[in-house]
Amino acid sequence: VTVHSQETKPALLPEPANWEFERFELPPSFAPGITYNGVEELRFPPGFAKRDTATYFTYAFVAQLDDVTYIFQEDIQDYLLKYYKGLCTVVAGDRKLKIDSSQIAATVEKKKDVAVGETIYMATVNLFGVFADGAALKLNLEVKPLIDAVAKKTYLVIIASPREKTDAVWKKLYEIQKTFMIPVASAQKINKPKT
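Since the structure is predicted, the reported quantities are computational estimates derived from the model, not experimental observations. (Residues numbered from 1 in each chain as written. Predicted model: local features only at pLDDT ≥ 70, side-chain atom pairs only at ≥ 80, totals over all residues. Heavy atoms only, no water.)

S.K.: Where do I start with the packing of aromatic side chains in this structure?
M.R.: To describe a pair of aromatic rings, you give the distance between the ring centres and the angle between the ring planes. Scanning the entire structure with this criterion turns up 18 aromatic pairs. Ring geometry for Phe57 versus Phe131: centroids 5.7 Å apart, planes at 55 degrees, classification tilted. Highlighted residues: Phe57 in the loop between strand S2 (38-44) and strand S3 (59-66) and Phe131 in the loop between strand S5 (121-128) and strand S6 (136-148), separated in sequence by 74 residues. Ring centres of Trp170 and Tyr174 lie 5.5 Å apart, and the angle between their planes is 40 degrees; this geometry places the pair in the tilted category. Taken as a pair, Trp170 and Tyr174 lie in helix H2 (residues 169-179) at a separation of 4 residues, close to a single helical turn. By relative accessible area, Trp170 is classed as buried at 1%. Residue classification places Tyr174 among the partly exposed positions, given a relative accessible area of 25%. (Phe/Tyr/Trp six-rings, centres within 6.5 Å; stacked < 30°, edge-to-face > 60°. Helix = DSSP H or I, 4+ residues; strand = E, 2+ residues; numbered from the N terminus. Buried < 20%, exposed > 50% of the residue type's maximum accessible area, 1.4 Å probe, protein only.)

Right under this line is the structure:
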């Protein structure tokens, strides 16, 4: 994946500061089938692309969807499927890896026992470790949609790892999920007096 704007400061995911940062516009160049406009910010821990590390293919990202005030389970499934199908196909092509993209599949279900007023979806995506050797990989994800009705934006806070949820790496991921806040800049713009 090409890093478009290294000079951009994180607006959505300032932490973990020691994780690599990437930001790009939506729809992403690798998944033009995604119908949302907006921006995505990602954080990758050291070892993300190395198969034998505890943090292999483990990362957090936030998708800011502009002019979106509701999102359904099937929209999230569609997003994940198009996203990972596109990502794996493009990266595998660039790295001359052979993968069967028809094998890429996503399942999404509502997480039970979450805090009142919260919705979190649990997802799994069968994909390929295209940043390493291209071998088949099952990614566990959680997607937490947060809606800013005033600014008409929906934020998808997504944490992902092939490791089981009991693994220590999820502790950090859950921390990122829990601490994400809707940026306040959008609310301030609205209150400015008209000149």
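S.K.: Explain the environment of Pro162 here, please?
M.R.: Among the structural elements, Pro162 can be located in the loop between strand S7 (153-161) and H2. As a C-alpha pair, Pro162 and Ala151 span 11 residues in sequence and 34 Å in three-dimensional space. Pro162 has contacts with Tyr56, Phe57, Thr58, Leu137, Lys138, Leu139 and Asn140, leaving out every residue within four places of it along the chain. (Contact = heavy atoms within 4.5 Å.)

S.K.: Looking at this model, I keep getting lost on unusual backbone geometry. Mind explaining?
M.R.: Across residues other than glycine, the phi torsion is negative in most instances, and most of the peptide bonds are trans. With an omega of -10 degrees, the peptide bond running from Glu15 to Pro16 counts as cis. Topologically, Pro16 is positioned in the segment before strand S1 (20-26). Across the junction of Leu26 and Pro27, the peptide omega takes the value -5 degrees, indicating a cis bond. Mapped onto the elements of the fold, Pro27 is located in the loop between S1 and S2.

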